[in-house]
Each structure stands twice: as C-alpha cells, then as structure tokens.
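# Descriptive structure summary
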Amino acid sequence: MAQLERLILMAEDELTQYSTDARKIEKLRQKIGISVPLAEQRQIKETLLAEMPTDTLSQLVEKQRQTVALPLWGIAGLGLLLGISFSQPFDFAIVAAAGFAAFKIQQWGWKLQAKRLVIQTLEDIEERIQQATAK
C-alpha cells in the first residue's frame, strides 16, 4: 500500500507548517483529491481507522507527544550532567537510552498525528462530496 505511505508522508509535510488544522486539511484535500481515486480513498480511510490504536497511552502520545517525552529528555540531561561531573560511564548509557526512548516516543506521536490528519482530510472530502450530491 504505497499510496497510504505517500499520503502519510504528505501529512507529515503539512505538520511541519505552522498553520491551523483546517488549513492543513484544506491543502491536503487538494493534493489527495487530485492524486487518489475515490474508491482508493475509502479503502485507505478504512485501513487507517483499523490500524489506529485506541488505548489511552497511544491517544496521549498522539495529542501530547512532547509532554510525554519531556521526562525522558530530563533524565537524559541529568545523566549527561552526572556523567560529566562524576566521570561515570554508566551515566552516559542512561543518556543514550533515555534520549533514544524520547526520540522514539516523539517519532511515534508524529506518525500518529499524521495518520489522524489523513483520516480527517478523507472525512472532509467525503463530507464535501455528500454535500455536493445532495444539492
């Protein structure tokens, strides 16, 4: 499903822009509407809804990835400070582990947020199609 990965990458590109969610959806809607057929849009939406986690931790990471990773960045910083001041090599291992975990949590949250943006965009496209056919 290369099309799904491409849409997620497009959503990640939109997440880097400082704008409202509505503006991001509007820009993505134009790109998706041109490049993806309607039947495939529906299939991608179903696939994304099926693979989106529903547990509390995943939802928290999706909405507040930086807040969740912040304690790990603090542990990494403290480990670096203690490793340098006390010359303890073990503290540097803590720095690496905590930094890696914080990075992975933020990366996971970023992917979840991009998938949610694609779902919202596909729902917006469907809503606009339904409004157009109702008129």
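Up top you'll find the structure we're talking about.
Residues numbered from 1 in each chain as written. Predicted model: local features only at pLDDT ≥ 70, side-chain atom pairs only at ≥ 80, totals over all residues. Heavy atoms only, no water.

With that settled, consider helix H5 (residues 65-86). Here H5 spans 32 Å end to end across 22 residues, near enough to the 32 Å set by a 1.5 Å rise per residue. Every buried residue belonging to H5 is among Arg65, Ala69, Ala76, Gly79 and Gly83, and all of these are buried. Along its buried surface, H5 packs onto helix H4 (56-63) and helix H6 (89-134). Note on H5: the residue one or two positions beyond its end, serine 87, has a positive phi of about 55°. (Helix = DSSP H or I, 4+ residues; strand = E, 2+ residues; numbered from the N terminus. Expected span 1.5 Å × (residues − 1). Buried < 20%, exposed > 50% of the residue type's maximum accessible area, 1.4 Å probe, protein only. Contact = heavy atoms within 4.5 Å.)

Now for the environment of glycine 109. Checked against the element boundaries, glycine 109 lands in helix H6. Under the relative-accessibility criterion, glycine 109 is labelled buried at 0%. In this structure the C-alpha to C-alpha distance between glycine 109 and glutamine 59, which are 50 residues apart in sequence, comes to 8.7 Å. Apart from residues lying up to four places away in sequence, glycine 109 is in contact with Val61, Glu62 and Arg65.

With that settled, the discussion passes to the pattern of salt bridges. According to the stated counting rule, one finds 10 salt bridges in the structure shown. Among the salt bridges present, the one from aspartate 124 reaches arginine 29, with a minimum N-O distance of 3.5 Å. Of this pair, aspartate 124 sits in helix H6 while arginine 29 sits in helix H2 (residues 21-35), placing them 95 residues apart in sequence. Overall, the relative accessible area of 18% leaves aspartate 124 in the buried class. A single network of salt bridges, built from pairs that share partners, joins Glu26, Arg29, Asp124 and Arg128. (Salt bridge = Lys/Arg side-chain N within 4 Å of Asp/Glu carboxyl O.)

A few words now on the nonpolar core. Core analysis: the biggest nonpolar cluster contains 20 residues, and Leu7, Ile32, Ile44 and Leu48 have the highest contact counts within it. Broken down by secondary-structure element, the contributors of at least two residues to this core are helix H1 (2-15), H2, helix H3 (38-51) and H6. Among the elements that line this core, the one with the most residues is H6, at 7 residues. (Core = buried A, V, L, I, M, F, W, Y, C linked by side-chain atoms within 4.5 Å.)

Structurally, threonine 47 is set in helix H3. For the pair threonine 47 and glycine 33, spaced 14 residues apart in sequence, the C-alpha to C-alpha distance is 18 Å.

Here we take up the packing of H5 against H6. Contact geometry of H5 with H6 gives a least axis separation of 8 Å together with a crossing angle of 165°. Comparing the axis directions of H5 and H6 gives the class roughly antiparallel. Every pair of crossing elements has a handedness; the one defined by H5 and H6 is left-handed. Class assignment for the residues of the contact of H5 with H6 results in 18 nonpolar, 7 polar and 2 charged. (Axes fitted to C-alpha atoms, helices over the stretch in contact; angles between N-to-C directions. Parallel < 35°, antiparallel > 145°, perpendicular 65-115°, else oblique. Left-handed = near helix turned anticlockwise from the far one by under 90°. Nonpolar A, V, L, I, M, F, W, Y, C, P; charged D, E, K, R; others polar.)

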